[in-house]
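A closer look at the structure
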Amino acid sequence: MDDARRRLGLALVTGAAVSNGITYADHAPLIPLIAAQLGLTDLQIGLLSTALFLLSLTVGLSTSGLADRIGPNRTVLAGIALSLAGSVVLALAPSYGWLLAGKAVQGVGSGITFVAGARYVAGLYAGSRSHFGLGLYGAGYPLGSAAALLVLPSVATLGLGWRGSLAASSAVIAAITLAWLAAPHVERVARTGDVLDAFRSGNAWLTALQHSAGFGLAIASGTWISVFLLREFALPLAVSGLLGSLLLLVTVLARPFGGWLLSREHVPTRHLMRAGTLTVIAGVALLAVPGRPLAVAVAGALVLGAGVGLPYSAVFNTAAASVRGAPGSGQALAAAGGTAGVMLGAPIMGFAVQTFGFWAAWLFVGLGAAIALAGTTFLRGEEELP
């Protein structure tokens, strides 16, 4: 494939990731408006994210070979079309049940798209080192979430309300879906194994652990970082949201940068995973230190964002190499680790904040990173696998 078509493919598949990233956070900044109109409790609101990520985890594992059977192009299209359908249901929802259904459909779309997009990137590079492209694709997810957090509240204040904001995000996803029709075609890769091979691979499970300390802790930390800044430093809500979103924006930059380091063979995959977890621990230390000034806390959020973003390509290329007969299944298992990290991490951090304070929540994040760091002792990187 020539460079121009590869660049087009990378831009469009990154757009697909952005559409999924929007669905992860589209309701979050609109919670006060949605809850007030529909009379929802905090628990009901929290279950919206649970519905999305639980379906994403389940569908991602059960459809991990779909792209290798029918081709990545058609599979990505199906995934982002379902994300669009879920977003439209969310915008039109007359009741809580419909909101829950909309998030569930978005989760199905996310589960289908994630692995298919990674397989599409592999097809674009056709055997050459795809680390930078995979990092760019991965950057689309936090970029979409950060954009939703920053833009949707402003749309609501223009008089459109929460439904108008969700309609606007649906329009963006619709445009991405239509643009995908122009994506260069890549060939499917015949697979000789299935998801059970991934379950039997200890190395694939270790990549799931790495991603739980990457994507999982990034989203969990992003859920609480704005509240942390608001309560600890008495900042205005808008300023807390702006500073908090920097964690995700740094992750956007760190993912392709980590991929670039790997594609240039500046650092082995396992070493980059170790560097990422050590960076997370350093960021946590800055956030948790008693009496830290605002500048140190913001620096901690930036360092944490860099740490969770750097190893992305290393994790997913190693996951694919761990299950040669079914690379998509290896990547699906790694993705499931990250999703589980979100589902468990966010409420555990909330419990820690409620019971002990934010120092305990950041200690939990640091503990997760330390466990992942220990896992690299036993993990074999992509270059070390047969």
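A brief report on the enclosed structure follows. All values derive from a computational prediction rather than experimental measurement.

**Regarding the overall build of the protein chain**
- When helices and strands are tallied, the protein chain shows 15 helices and zero strands.
- Here the protein chain has a C-alpha radius of gyration of 20 Å; the compact-globule value for 386 residues is 21 Å, and the two agree.
- Relative to its 386 residues, the protein chain shows a buried fraction of 55%.
- Taking the contacts inside the protein chain whose residues are at least 6 apart along the sequence as the reference set, 83% of them involve residues at least 24 apart.
- With an accessible surface of roughly 14,900 Å², the protein chain has 71% of that area assigned to carbon and sulfur atoms.
- Computed over 20 positive and 13 negative side-chain charges, the separation of the two mean positions in the protein chain equals 2 Å.

**Thoughts on the nonpolar core**
- In terms of nonpolar packing, the biggest core is built from 80 residues, with Y137, L304 and W362 touching the most fellow members.
- With 13 residues, the single largest contributor to this core is helix α9 (residues 202-233).

**Some thoughts on the pattern of salt bridges**
- With the rule as written, the count across this model stands at five salt bridges.
- With its nearest N and O atoms 3.8 Å apart, the salt bridge here joins R119 to D68. On the criterion of sequence distance, the pair formed by R119 in helix α6 (residues 96-125) and D68 in helix α4 (residues 66-70) is long-range, its members being 51 residues apart. Here R119 matches D68 in class, with each residue buried.

**Side note on the packing of aromatic side chains**
- Using the criterion set out here, one finds 14 aromatic pairs in the structure.
- For the pair F228 and F358, a centre-to-centre distance of 5.2 Å together with 70° between the ring planes defines the contact as edge-to-face. Of this pair, F228 sits in helix α9 while F358 sits in helix α15 (residues 358-375), and the two are 130 residues apart along the sequence. For the pair formed by F228 and F358, the shared burial category is buried.
- Across the ring face of Y125, the terminal group of R6 is positioned such that the distance to the ring centre comes to 4.6 Å.

**Some points on the packing of helix α5 (residues 72-92) against helix α7 (residues 131-180)**
- Packing of α5 against α7 leaves a shortest axis separation of 9 Å and a crossing angle of 165°. When the interaxial angle is binned, α5 and α7 end up roughly antiparallel. Like other packed secondary-structure pairs, α5 and α7 cross with a definite hand, here left-handed. Between α5, through N73, V76, L77, I80, A81, L84, S87, V88, L90, A91 and L92, and α7, the contact on the second element is made entirely by W162, R163, L166, A167, S170, I173, A174, I176, T177 and W180.

**Points about unusual backbone geometry**
- For A234, which is not a glycine, the phi torsion comes out positive at approximately 55°.
- Considering the arrangement of structural elements, one finds A234 in the loop between α9 and α10 (237-263).

**Focus: the environment of V315**
- Here V315 is to be found in helix α13 (residues 312-322).
- V315 sits in the buried class, given a relative accessible area of 3%.
- With 67 residues separating them in the primary sequence, V315 and E382 have C-alpha atoms 8.6 Å apart.
- With near-sequence residues (within four places) excluded, V315 lies in contact with T207, Q210, H211, M273 and A334.

Procedures and definitions
- Residues numbered from 1 in each chain as written.
- Predicted model: local features only at pLDDT ≥ 70, side-chain atom pairs only at ≥ 80, totals over all residues.
- Heavy atoms only, no water.
- Helix = DSSP H or I, 4+ residues; strand = E, 2+ residues; numbered from the N terminus.
- Rg over C-alpha atoms; globule rule 2.2 N^0.38 Å.
- Buried < 20%, exposed > 50% of the residue type's maximum accessible area, 1.4 Å probe, protein only.
- Contact = heavy atoms within 4.5 Å.
- Areas by Shrake-Rupley, 256 points an atom, 1.4 Å probe, with all protein chains shown as cover.
- Lys, Arg positive; Asp, Glu negative; His and termini not counted.
- Charge placed at Lys NZ, Arg CZ, Asp CG, Glu CD.
- Core = buried A, V, L, I, M, F, W, Y, C linked by side-chain atoms within 4.5 Å.
- Salt bridge = Lys/Arg side-chain N within 4 Å of Asp/Glu carboxyl O.
- Phe/Tyr/Trp six-rings, centres within 6.5 Å; stacked < 30°, edge-to-face > 60°.
- Lys NZ or Arg CZ within 6 Å of the ring centre and 35° of its normal.
- Axes fitted to C-alpha atoms, helices over the stretch in contact; angles between N-to-C directions.
- Parallel < 35°, antiparallel > 145°, perpendicular 65-115°, else oblique.
- Left-handed = near helix turned anticlockwise from the far one by under 90°.

All we've got here are geometric facts, nothing functional implied.
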